[in-house]
Amino acid sequence: MALDLEAQRLRQASEVSPLPMWHTGPDGKLIWANRVYRQIADVSDTDLPFASRRPSKDGKTRVTLPRTVGDIGVDFEISTMPVTGGTAHIATEISAILKAEAARRTFVQTLSKTFADLPIALAVFDKERRLALFNPALLDLTGLAPAFLSARPDTMSFFDQLRENRIMPEPKSYAEWRQRLADLINAARDDRYTETWSLPNDRTYRISGRPHPDGAIAFLIEDISSEISLSRRYRAELDCMSAVLDASDKALAVFSGQGELLLTNAGYRRHWQASGRLSRTGASLADEIAGWRKLAGDSEAWQMIRISVARTSAAGEAQIDAGGKQSLDISVSWTPLPHGATLVSFSGDAQAVAAPQRAQLAHIAEA
């Protein structure tokens, strides 16, 4: 009686199961099937709709039905197990899983095509720290062999090979190098790794590490040699231009259209240092005019320069009578420059102008 009750319960559970379930005998003929299996068989024109199977990559068997019944999918994975008098079978629907796998493959292919055209080298390591994805630029920038990368090396082997190829700065000791490499990987995992590598072949690479979902890490290698070379050439040109300006016997200052001091030469700093303030890049035109006025007195030229800088108006010049002595006169001129800048030029000895004022200040201090 108890066995009959247990069998009834098992039969009821099988009938209400959403999975197709059936038993076959030693000869492969159908012995029993549940409700879902019978629904599929009714529309499949065969008593064995799951007979046509194919092995999958993971060793399991799969079957694709020609049509669906209600909400039943078309792709199933079959599990079999021996039982008394035959074999039990259970079919699990995997339509959604297969669609997700197809979508993932399409997405990866799209990413791969996109990364293939990037000039920046990309190396993505999975959560086991093995190379999972790389683009052709990685081969070009590092010289690593395709066979080596295709073997999915781990991060340690990857960077060791970079060191062997002289793509990384040579460490002083191998032990320190291994520790530094471990720190590098941890920094990339926390999104705080960026370095610049200056290589023996005059190349300069910028390396950055970024965390990816599921514990993965991506390293990007960018060749910034041209950028570094351009920056160095730009600095050299600036140094040369500064040397040329410093060789002039005039005091020169360049202001932006917003009245910001952009550039001065040695003559300017020498002529106007007696104002008690140090002219610096970024200072305002108003502050500089205050220093000029302190040494050379009030003049309409200051307002004219202020207007010229603000409006980028035509060039002009003026003579400033400092102290009423002709020998102490200062000539000032202003010339519009590209991009709204203005060059202000002084000629005359502002130090001589400042001498009486310094003497007066010294006298007041002694008193």
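About the thresholds
Residues numbered from 1 in each chain as written. Predicted model: local features only at pLDDT ≥ 70, side-chain atom pairs only at ≥ 80, totals over all residues. Heavy atoms only, no water. Pairing = 2+ DSSP bridges. Helix = DSSP H or I, 4+ residues; strand = E, 2+ residues; numbered from the N terminus. Patch = residues over 30% accessible without salt bridge, like charges linked within 9 Å, V, L, I, M, F, W, Y side chains within 5 Å. Areas by Shrake-Rupley, 256 points an atom, 1.4 Å probe, with all protein chains shown as cover. Salt bridge = Lys/Arg side-chain N within 4 Å of Asp/Glu carboxyl O. Buried < 20%, exposed > 50% of the residue type's maximum accessible area, 1.4 Å probe, protein only. Axes fitted to C-alpha atoms, helices over the stretch in contact; angles between N-to-C directions. Contact = heavy atoms within 4.5 Å.

Novice: Just checking my understanding: could you explain the pairing of strand β15 (residues 330-336) for this structure?
Specialist: Two faces belong to every sheet, and in a regular strand the side chains alternate between them. Summarising the sheet, strand β14 (residues 316-320) and β15 pair through five bridges and their orientation is antiparallel. The partner of I320 across the bridge, within β15, is I330. The pairing of β15 with strand β16 (residues 342-347) spans six bridges and is classified as antiparallel. Pairing of W334 across the sheet is with V344, part of β16.

Novice: Hey, could you run me through a nonpolar patch on the surface in this one?
Specialist: The grouping of Y234, L238 and M241 at the surface amounts to a nonpolar patch, some 290 Å² of accessible area in total. By secondary structure assignment, the location of Y234 is in helix α8 (residues 225-247). Y234 sits in the exposed class, given a relative accessible area of 51%.

Novice: Help me understand the sheet that holds strand β7 (residues 121-125) in this model?
Specialist: The strands making up a sheet associate through hydrogen bonds between their backbones, and the pairing can be parallel or antiparallel. Read from one edge of the open sheet, five strands run β8-β7-β11-β10-β9, paired in antiparallel fashion. Each edge of the open sheet carries a strand with a single partner, namely β8 (131-134) and β9 (193-198). The average undirected angle you get between the axes of adjacent strands in this sheet is 20°. Contacts between helix α6 (residues 155-164) and the sheet are confined to β7, β9 and β11 (217-223), with β7 contributing the most and set at about 150° to the helix.

Novice: Just to check I follow, could you spell out unusual backbone geometry for this structure?
Specialist: Working note: non-glycine residues mostly have negative phi, and peptide bonds are mostly trans. The backbone phi angle of R129 is positive, close to 65°, even though this residue is not glycine. In this structure, R129 sits in the loop between β7 and β8. Residue R129 is classed as buried on the basis of its relative accessible area, which comes to 18%. Although it is not a glycine, R152 sits at a positive phi angle of roughly 55°.

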